[in-house]
Amino acid sequence: MGGSTLAAAVSAGRDERVIVPAGSAGGARWRHTFEQPGAQWMAPTYDDAAWALGAAPFGRGRGTPWKTPDIWLRSEIELSSESLPRNPHLVLTHDEDVWVYVNGQLVSHRPGFTAKAVRIPVRAEPFRAGRNVIAVRCHQTTGGQCIDVGVVDRPGSRTTTGTATVRADFSQRTGPDLVKDKFCVYNCPYITIDRWLR
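Residues numbered from 1 in each chain as written. Predicted model: local features only at pLDDT ≥ 70, side-chain atom pairs only at ≥ 80, totals over all residues. Heavy atoms only, no water.

So what's going on with the overall build of the chain? Which residues, and what values?
Secondary structure assignment for the chain yields 0 helices and 17 strands. Within the chain, the proportion of its 198 residues that are buried is 48%. Pairs at least 24 residues apart make up 74% of the contacts formed inside the chain by residues separated by at least 6 positions. Split by element, the accessible area of the chain, about 10,300 Å² in all, is 52% carbon and sulfur. (Helix = DSSP H or I, 4+ residues; strand = E, 2+ residues; numbered from the N terminus. Buried < 20%, exposed > 50% of the residue type's maximum accessible area, 1.4 Å probe, protein only. Contact = heavy atoms within 4.5 Å. Areas by Shrake-Rupley, 256 points an atom, 1.4 Å probe, with all protein chains shown as cover.)

So, the pairing of strand β8 (residues 70–79): which residues are in play, and what are the values?
For β8, the tally of buried residues reaches 9 of 10 residues, placing the bulk of the element in the interior. One ladder, built from 3 bridges, connects strand β4 (residues 29–33) with β8; its direction is antiparallel. The residue of β8 that forms the bridge with H32 is L73. Where β8 lies against strand β13 (residues 130–139), 10 bridges are found, and the strand directions are antiparallel. Bridge pairing in β13 places I71 opposite C138. (Pairing = 2+ DSSP bridges.)

Give me the lowdown on the pattern of salt bridges, citing residues and values where you can.
Between side chains of opposite charge, pairing is possible as soon as their charged atoms come close. Inspection of the entire model under this criterion finds 6 salt bridges. As a salt-bridge pair, E16 and R119 come within 2.6 Å of each other at their nearest N and O atoms. Separated by 103 residues along the polypeptide, E16 in strand β3 (residues 16–20) and R119 in strand β12 (residues 118–121) bring together distant segments of the chain. What makes E16 buried here is its relative accessible area of 4%. Residues R17 and D153 are paired through a salt bridge, measuring 3.1 Å at the closest nitrogen-oxygen approach. Of this pair, R17 sits in strand β3 while D153 is found in strand β14 (residues 146–153), placing the two residues 136 residues apart along the sequence. R17 gets classed as buried once you look at its relative accessible area, which sits at 19%. On the basis of relative accessible area, D153 is assigned to the buried category, the value being 12%. (Salt bridge = Lys/Arg side-chain N within 4 Å of Asp/Glu carboxyl O.)

Give a detailed account of the packing of aromatic side chains, specifying residues and quantitative values.
By convention here, two paired aromatic rings are described through the distance between centres and the angle between planes. Under the defined criterion, the tally for this structure stands at 2 aromatic pairs. Geometry around W99 places R137 over its ring, the cationic atom sitting 4.6 Å from the centre. (Phe/Tyr/Trp six-rings, centres within 6.5 Å; stacked < 30°, edge-to-face > 60°. Lys NZ or Arg CZ within 6 Å of the ring centre and 35° of its normal.)

Break down the nonpolar core for me, with residues and values.
Core analysis: the biggest nonpolar cluster contains 27 residues, and V20, W30, F58, I134, V136 and I147 have the highest contact counts within it. Counting only elements with at least two residues in this core, the list comes to β3, β8, β9 (88–95), β10 (97–102), β12, β13 and β14. For this core, the leading source of residues is β8, giving 4 residues. When sequence neighbours within four positions are dropped, the list of residues in contact with I134 reads V20, W30, L73, R74, S75, V100, Y101, V102 and F127. Counting 8 residues, the second-largest nonpolar core is a separate cluster that includes W41, Y46, W99 and Y101. (Core = buried A, V, L, I, M, F, W, Y, C linked by side-chain atoms within 4.5 Å.)

I'd like a rundown of the environment of G150, residues and numbers included.
One can find G150 in strand β14. C-alpha of G150 to C-alpha of A28: the two residues are 122 residues apart in sequence and 8.0 Å apart in space. Sequence-distant contacts of G150, defined by excluding residues within four places in its chain, comprise V20, P21, A22, H89, L90 and V91.

This is the structure we're talking about:
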């Protein structure tokens, strides 16, 4: 259970409180492994002391190199009852599929990739006073490769998370036919839009 420990700070740029800094905000140091860990790797009680320690972001040509198909990350934060986030958002850059857990509970699973950091609202309930563990898995198949995760508490009312699916016909009458059944993922700050190219 040797993950890096962080304290919440205040970000002056966006009027939001930083819980875990993303790479663009200085980057947290994460315990990480490129080898399949035990089944309960996301649990707060899991012992990650043997994992390497590196700074975010992770990927090709990034802060900490990552070139394998999968990477698992863990980081710890200490929160007081007064500093618990009311409107937590992930600050997420991923290429490709990503799973994010807070204290063993899955709060976000996003397929595909993002071209830049997006803010994703997540449930506040998994956060608790005291020690908190943020655990992340990212899976890569081809092309670019990156994972960077931050957590911020944004002002304003709670945003409901949800997923919207859009099936669209992108057939072109004059241009070449598009690849049949190609699946693309377009990420928005508050919803995920899945588009099928026909």
